[in-house]
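Coordinates in review
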Amino acid sequence: MAVTPRDLPDSPAEVADALRGASYLADDSTALIAFLAQRLGKPVLVEGPAGVGKTELAKALSRSTGRELVRLQCYEGLDEAKALYEWNYRKQLLQIQATATARAEDESGPVAMGEIFTAEFLLERPLMRAIASPDPVVLLIDEIDKTDQEFEAMLLELLSDFQITIPEMGRIGATTHPIVLLTSNNSRELTEALKRRCLYLWLDYPSREREVEIIRLHAPEIDERLAARLVEVVDMVRELDLKKPPSIAEAIDWARTLILMGVDDIDEKTFRESLSIIIKHRTDLDLVAEKIVPRLGQAANGSASGNGTG
């Protein structure tokens, strides 16, 4: 059964509540931009470091609005055939052969080009599927900064008018208006032409208080004190010069891990045993063990000293 998208929101607060219901805690600026994206019908460019919830925002919008999520994962060398559409050449060839055989018998002439360049022979890729969908969707163009400027230029028609031009068939416009999010890890500067067509949202790592709230939303079994301690340690780790700092999702995974381990604090032993949950590079493991483990020991000693003199 198809999901019917909800009515357009009346306020950013309504969007924030809907996102919270979809397990995403949006701050004021995120709720405002998500509200404007729906009411103004403009794409949103979401930039920020890896792991701060850019992709998750699109997923949460999909859940909160009842729209299907259509995702285009970008990569170096991505072209129109993989992003927009391509022709099913094998099916076209079989059709040509079958039609030619049948017409040879009644001498009715060769196969016309218009007979094989139709929707029946079109393979829809994510951008085409979002435009052609009869139901409103959330279109996520993930990590747009991994593509080149030529690919960005191709996107301009889609982002301006929500339409695609196919030379053999003409112009295909959207019958419904998608919510479009483009994410970027800011690995390269995007073109001004692309930015002009988008609302802009910068997402960074949340404050400690907000991250505790996020963790407890996704792992409600965790004690508030342990969640605060976890965020404190993760924040210390993120301050280091790492190849990959811990993401919010990895902090949530660590919270769930600590629950399963049955611990009530993060001491040196617990930290070493579960470190691979938040650190994913060998050199980072060594650096974190060198810089953070001694600080955990100092904290533990300080706590014990305080208990002894209290």
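Details of the structure are given in the entry above.
In this section: the overall build of the protein chain. When you go through the protein chain residue by residue, the secondary structure sums to 14 helices and 9 strands. Looking at the protein chain as a whole, 43% of its 310 residues qualify as buried. Of the contacts made within the protein chain by residues no fewer than 6 positions apart, 75% connect residues no fewer than 24 positions apart. Accessible surface for the protein chain amounts to roughly 16200 Å². Of this, 51% is attributable to carbon and sulfur atoms.

Taken as a whole and judged by the stated rule, the model has 20 salt bridges. In this structure, glutamate 213 engages arginine 20 in a salt bridge whose closest nitrogen and oxygen atoms are separated by 3.0 Å. Taken as a pair, glutamate 213 in helix α9 (residues 208–218) and arginine 20 in helix α1 (residues 12–21) lie far apart in primary sequence, 193 residues in all. Classification of glutamate 213 as partly exposed rests on a relative accessible area of 32%. Overall, arginine 20 belongs to the partly exposed group, its relative accessible area being 42%. Arginine 125 is the partner of glutamate 86 in a salt bridge, and the nearest nitrogen-oxygen pair spans 2.2 Å. Taken together, the positions of glutamate 86 in strand β3 (residues 85–87) and arginine 125 in the loop between β4 (122–124) and α6 (126–132) put the pair 39 residues apart, joining distant regions of the chain. Given a relative accessible area of 23%, arginine 125 falls into the partly exposed group. Each member of the salt-bridge network shares a partner with another, and the members are Arg20, Arg210 and Glu213.

This brings us to the pairing of strand β7 (residues 170–173). Alignment of strand β6 (residues 163–166) against β7, held across 4 bridges, turns out to be antiparallel. Across the sheet, the residue bridging to isoleucine 166 is glycine 170, located in β7. The antiparallel hairpin formed by β6 and β7 contains 3 residues in its connecting segment.

On to unusual backbone geometry, then. Of note in this structure, serine 23 is not a glycine but carries a positive phi near 65°. Mapping serine 23 onto the fold places it in the loop between α1 and α2 (28–40). Judged by relative accessible area, which is 32%, serine 23 ranks as partly exposed. Residue glutamate 143 is not a glycine yet carries a positive backbone phi of 60°. Along the chain, glutamate 143 falls in the loop between β5 (137–142) and α7 (149–161). With a relative accessible area of 18%, glutamate 143 lands in the buried category.

Cut-off values and rules
Residues numbered from 1 in each chain as written. Predicted model: local features only at pLDDT ≥ 70, side-chain atom pairs only at ≥ 80, totals over all residues. Heavy atoms only, no water. Helix = DSSP H or I, 4+ residues; strand = E, 2+ residues; numbered from the N terminus. Buried < 20%, exposed > 50% of the residue type's maximum accessible area, 1.4 Å probe, protein only. Contact = heavy atoms within 4.5 Å. Areas by Shrake-Rupley, 256 points an atom, 1.4 Å probe, with all protein chains shown as cover. Salt bridge = Lys/Arg side-chain N within 4 Å of Asp/Glu carboxyl O. Pairing = 2+ DSSP bridges.

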